[in-house]
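Coordinate analysis (summary)
Each chain, written out:
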Amino acid sequence: MSSTKNQPLGGNEMPRFGGPATMMRLPTQPTAEGLDACFVGVPFDIGTSNRAGARFGPRAIRAESCLLRPYNMETGAAPFDSLQVADIGDVAINTFNIQKSMDIIEAAYDDILSHDCIPLTLGGDHTVALPILRALKKKHGPVAMVHIDAHADINDNMFGEPIAHGTPFRRAVEEGLLDCNHVYQIGLRGTGYAAEDFDWPKEQGFEVVCANECWHKSLAPLMAQVREKMGDRPVHISFDIDGLDPSAAPGTGTPEYGGLTIIQGYEIIRGCQGLNVVGGDMVEIAPPYDPSGNTALLGANLLYEMLCILPGVTIR
Ligand code: MN
Ligand code: MN
C-alpha cells in the first residue's frame, strides 16, 4: 500500500553519505502539487541580530537528515505509509532585501497551500515565520501556535526595523494572523531589554511557559493541557532551535543557557499529535557555529517528528 507513495532512499540502496542531499533522501519536485506534506527550505538570515549563518540551515539540515529512516520506532508513526511527501527545494529569497523576501516567501507558501499541502520549513532565521503565518491566515484564518524559543520574538522593532528575527510575532498579532488565546510560548528565558518583556505576549492572551518552569520535568502534562485547549483549531508549530539549551544545540545565533532538553523538545512535538497541525518550522540553525553537524542533525530529527504527528499519519 505504501509502494505508491514517495519513500526515503534506503541506506542499502545508496550509502547514506552518497547521492543528492534532499531532506530524508526523499524525491524532489518543483511544486507541492499532489503532496500531503512537503519539506521546503527558506535560506534567509538577513533578519538576524547577532551571529548570522542560518541561511546555510536548509542545506545542513538536509545533509544531516541522510541518517533518518522512515519508521518512528517509539511512537509507531509511519508517515510515508499514508502521506505523499517530497522535498520541494528552497524559496528563492532576495538576500539583499527583507521586505521583498517577505513577499517572495508569502507567495511561495500561498502556492504550497493552494495544493492543500502542509509545509514543514527548514529555516532560515525566525523572521520567516511572519510570511508563513500571513499565508496560513489566508488559508485557515488566524492560527493557534505552539512556539518553542528562548525569546518571545515580540519586539516592536530592532534597530528601528519593523521586520527582523525578534519581531515576527508582534507583527503577527498586529496583522491578526494569530488566534492569540491559543498561543503557547515555551522555553523563554535569559536576559531582557526591559523587566516587562514577557508581559506583552501575556497581555495578548498568550500562555508563556518560561524555561525554568520546565526544568527537571516531563512536559507531557503541559502538552495534555495544550491539546485540551487547542481542540480542533488549526495550529502552527514554530520551533526556534535556541529554545533548547546550547549544550544540546550550540549551532545557533543567539544562544541562551538554561534551556529545554532534547527530550523535552521531543515531548512537545509528540504532544502535538492529534492536533490539527497545518504547518511547522525549524528555524535559527546556524551551521557556521555547528562544526559537528549535531545541531542540524537534531533539527532534522525534530522536523521528522513534526511530520510524524501530522493529521492522517498511520500509527502502527
Ligand atoms: Mn525566535
Ligand atoms: Mn530564539
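Refer to the structure above for everything that follows.
Below is a summary of the structure that appears in this document. Computed from a predicted structure; not experimentally measured. (Residues numbered from 1 in each chain as written. Chains lettered and ligands numbered in written order. Predicted model: local features only at pLDDT ≥ 70, side-chain atom pairs only at ≥ 80, totals over all residues. Heavy atoms only, no water.)

**Comments concerning the overall build of the chain**
Quick note on the threshold: Comment: elements are numbered from the N terminus, with helices defined as DSSP H or I runs of at least four residues and strands as E runs of at least two. Each radius of gyration reported is based on C-alpha atoms, and the globular scaling rule is 2.2 Å times the count of residues to the power 0.38. Only protein chains enter the accessibility calculation, which uses a 1.4 Å probe. A residue is then buried if its area is under 20% of the maximum for its type, exposed if over 50%, and partly exposed in between. Residue contacts are defined here by distance: any two heavy atoms, one from each residue, within 4.5 Å place the two residues in contact. The method behind every accessible area is Shrake-Rupley, applied with a 1.4 Å probe, and residues are considered shielded solely by the protein chains displayed. Two residue types count as positive, namely Lys and Arg, and two as negative, namely Asp and Glu; His and chain ends fall outside the count. Working definition for charges: the position is that of NZ of Lys, CZ of Arg, CG of Asp or CD of Glu.
In terms of helices and strands, the chain carries 9 helices and 10 strands. Its C-alpha radius of gyration of 18 Å places the chain within 12% of the 20 Å reference for a compact globule of 316 residues. Over its C-alpha atoms, taken along the principal directions, the chain stretches across nearly 55 × 45 × 40 Å. Counting the 316 residues in the chain, one finds 58% classified as buried. Taking as baseline every contact in the chain between residues at least 6 positions apart, the subset at least 24 positions apart corresponds to 78%. Per element, the accessible surface of the chain, about 12700 Å² overall, is 53% carbon and sulfur. Charged side chains in the chain number 23 positive and 39 negative. The centres of these two groups are separated by 4 Å.

**Quick notes on the packing of helix H8 (residues 262-270) against helix H9 (residues 294-308)**
Counted only if it meets this: Only the stretch in contact is used when fitting a helix axis, every axis being a line fitted to C-alpha atoms; angles between N-to-C directions are given from 0 to 180 degrees. Any angle between 65 and 115 degrees counts as roughly perpendicular, while under 35 counts as roughly parallel, over 145 as roughly antiparallel, and the rest as oblique. By the definition used in this description, the sense in which the near helix is turned from the far one sets the handedness, with an anticlockwise turn below a right angle giving left-handed and a clockwise turn giving right-handed. When residues are grouped by polarity, Ala, Val, Leu, Ile, Met, Phe, Trp, Tyr, Cys and Pro land in nonpolar, Asp, Glu, Lys and Arg in charged, and all others, Gly among them, in polar.
Look at H8 against H9: their axes get within 9 Å of each other, and the N-to-C directions meet at 20°. Looking at the two axes, H8 sits roughly parallel to H9. For the pair H8 and H9, the sense of crossing is right-handed. Here Ile262, Gly265, Tyr266, Ile269 and Arg270 of H8 lie close against H9, whose contacting residues are Leu298, Asn301, Leu302, Glu305 and Met306. Residue classes in the contact of H8 with H9 are distributed as 6 nonpolar, 2 polar and 2 charged.

**Let's talk about the coordination of the manganese ion (ligand 1)**
Under the convention used in this document: Water is absent from the atoms considered, so a metal site may look incomplete; donors are defined as N, O and S atoms within 2.8 Å of the metal, or 3.2 Å for Na, K and Ca.
Note on the manganese ion (ligand 1): its protein donors are His126 (ND1), Asp149 (OD), Asp153 (OD) and Asp240 (OD). The metal-donor distances range over 2.1 to 2.2 Å. Between consecutive donor residues of the manganese ion (ligand 1), the sequence gaps follow H-x22-D-x3-D-x86-D. The metal-metal distance between the manganese ion (ligand 1) and the manganese ion (ligand 2) comes to 3.3 Å, with aspartate 149 coordinating both. Here aspartate 149 lies in the loop between strand E5 (143-148) and helix H5 (168-174) and histidine 126 lies in the loop between strand E4 (118-123) and helix H4 (129-140), a separation of 23 residues in the sequence.

**Remarks on H9**
Structurally, the α-helix is built with 3.6 residues per turn, so residues lying three or four positions apart point the same way. In plain terms, the rule: Here, expected helix span is obtained from the residue count minus one, scaled by 1.5 Å.
For H9, spanning 15 residues, the distance from its first C-alpha to its last is 21 Å, which sits close to the expected 21 Å at 1.5 Å a residue. With 12 of its 15 residues buried, H9 lies for the most part within the structure. Listed in full, the buried residues belonging to H9 are Thr295, Ala296, Leu298, Gly299, Ala300, Leu302, Leu303, Tyr304, Glu305, Met306, Leu307 and Cys308.

**Things to note about the side chain of arginine 134**
Going by this rule: Pairs of N or O atoms within 3.5 Å make up the polar contacts considered here, provided that, within protein, one atom can donate a hydrogen while the other can accept it, and that residues adjacent in sequence are counted only when both atoms are side-chain atoms.
Tracing the backbone through its elements, the reader meets arginine 134 in helix H4. Judged by relative accessible area, arginine 134 falls into the buried class, the value being 15%. Side-chain polar atoms of arginine 134 contact the side chain of glutamate 175, separated by 2.8 Å. With sequence-adjacent residues up to four places away left out, arginine 134 is seen in contact with Met102, Glu106, Ile163, Glu175 and Leu177.

**Focus: the packing of aromatic side chains**
How two aromatic rings sit relative to each other is set out by the distance from centre to centre and by the angle between their planes. Which entries qualify depends on this criterion: Stacked, tilted and edge-to-face pairs are distinguished by plane angle, under 30 degrees for stacked and over 60 for edge-to-face with tilted covering the rest, among Phe, Tyr and Trp rings (Trp via its six-membered ring) whose centres lie within 6.5 Å. Remark: a charge is flagged as sitting over a ring if the NZ atom of Lys or the CZ atom of Arg is within 6 Å of the ring centre and within 35 degrees of the ring normal.
Scanning the entire structure with this criterion turns up 0 aromatic pairs. Between the NZ or CZ atom of arginine 51 and the centre of the ring of tyrosine 289, over which it lies, the distance is 4.5 Å. Across the ring face of tryptophan 200, the terminal group of arginine 170 is positioned such that the distance to the ring centre comes to 3.9 Å.

**Describing the coordination of the manganese ion (ligand 2)**
For the manganese ion (ligand 2), the protein coordination sphere consists of Asp149 (OD), His151 (ND1), Asp240 (OD), Asp242 (OD) and Asp242 (OD), at 2.1 to 2.4 Å. In the primary sequence, the donor residues of the manganese ion (ligand 2) line up as D-x1-H-x88-D-x1-D.

**Examining empty space enclosed by the protein**
Rolled over the atoms, a probe as big as a water molecule pinpoints where empty space is left. This is how it is decided: Detection works on a 1 Å grid of protein atoms alone, calling trapped sets that fit a 1.4 Å probe cavities and calling open sets with protein on both sides within 12 Å along at least five of seven lines pockets, with lining residues defined by an atom within 4 Å of a point. Grid points are joined across faces, edges and corners, and a volume is the space filled by probe spheres set on the points.
Scanning the entire structure with this criterion turns up 1 cavity of 30 Å³ or more. Residue lining of the largest cavity: Thr75, Ala77, Arg270, Gln273, Cys308, Ile309 and Ile315, and that is the complete set. Taken together, the residues of the lining of the largest cavity break down into 4 nonpolar, 2 polar and 1 charged.

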